[in-house]
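# Coordinate analysis (summary)
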Amino acid sequence: VEKIVATKVYQPFSITLVDDRVLLWSDWGTNAIETVSLSNLTDRSSVLNNFKRLMTIHHYDHRTQTGSNGCANDNFGCSHLCLMTPHSGPICSCKTHLQLVDNKNCAEDPCLTNNGNCSHTCTLSETGVKCTCPDLYMLDADGVTC
């Protein structure tokens, strides 16, 4: 990198070429992602700063990508997160403290608040809170007490 760039490069770690015109690299000495145009080697700039020990950088050109993204169309109907899986396609997921209730929608998990009013074990099912008891105990008629 230093032989190409006209100014000092401190600790380059990873380097990639973008569109055969721009050199992009992470620099541990400046804690930045830096770039320089190959047509003007003095045209150097920091793209992002304040990264500590940034590792490998990759550039993927959208023109060379094949396949499809099942999450691209309306987030696959997911209320929060759509995640691609290698073999079964997209699945919906929820952020912390939310529960997937119908394979698409996330809701507050009532079991996280006062154990869903269950005296022992609370689980969330598609129909709502389900209280269960340990072995040798029976669920009372109120549906929450063992």
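Scroll up for the structure.
Summarised in this report is the structure supplied together with it. Keep in mind that what you see is a predicted model, and the values were worked out from it rather than measured. (Residues numbered from 1 in each chain as written. Predicted model: local features only at pLDDT ≥ 70, side-chain atom pairs only at ≥ 80, totals over all residues. Heavy atoms only, no water.)

## Points about the pattern of salt bridges
By the definition in use, this model includes one salt bridge. With its nearest N and O atoms 3.3 Å apart, the salt bridge here joins Asp19 to Arg21. (Salt bridge = Lys/Arg side-chain N within 4 Å of Asp/Glu carboxyl O.)

## Points about the pairing of strand E3 (residues 32-37)
Of all six residues in E3, six are buried; the element is thus mostly enclosed. Of the pairings in the sheet, the one linking strand E2 (residues 22-27) to E3 comprises six bridges and is antiparallel in character. What sits directly across from Trp25, in E3, is Glu34. Both E3 and strand E4 (residues 40-48) contribute to a ladder of five bridges, which runs antiparallel. Looking at the pairing, Val36 lines up with Arg44 of E4. Taken together, E3 and the strand that follows it, E4, pair antiparallel across an intervening segment of two residues. (Buried < 20%, exposed > 50% of the residue type's maximum accessible area, 1.4 Å probe, protein only. Helix = DSSP H or I, 4+ residues; strand = E, 2+ residues; numbered from the N terminus. Pairing = 2+ DSSP bridges.)

## Concerning the state of the cysteines
On inspection of all chains with the given rule, the structure shows six disulfides. Paired by a disulfide, Cys94 and Cys106 hold their sulfur atoms 2.0 Å apart. On the sign convention where negative means left-handed, the S-S torsion of about -95° between Cys94 and Cys106 marks this disulfide as left-handed. Pair noted here: Cys94 is in the loop between strand E6 (89-93) and strand E7 (98-100) and Cys106 is in strand E8 (residues 106-108), with a separation of 12 residues, a long-range link. The pair Cys94 / Cys106 is uniform in exposure class, with both members buried. Between the sulfur of Cys118 and that of Cys131 lies a disulfide, 1.8 Å long from S to S. On the sign convention where negative means left-handed, the S-S torsion of about -75° between Cys118 and Cys131 marks this disulfide as left-handed. Of this pair, Cys118 sits in the loop between E8 and strand E9 (121-125) while Cys131 sits in strand E10 (residues 128-132); the two residues are 13 residues apart in sequence, bridging distant segments of the chain. You'll find Cys118 and Cys131 in the same group, each marked buried. What connects to what in the chain, once the bonded cysteines are numbered by sequence position, is 1-3, 2-4, 5-6, 7-9, 8-10, 11-12. (Disulfide = S-S within 2.5 Å.)

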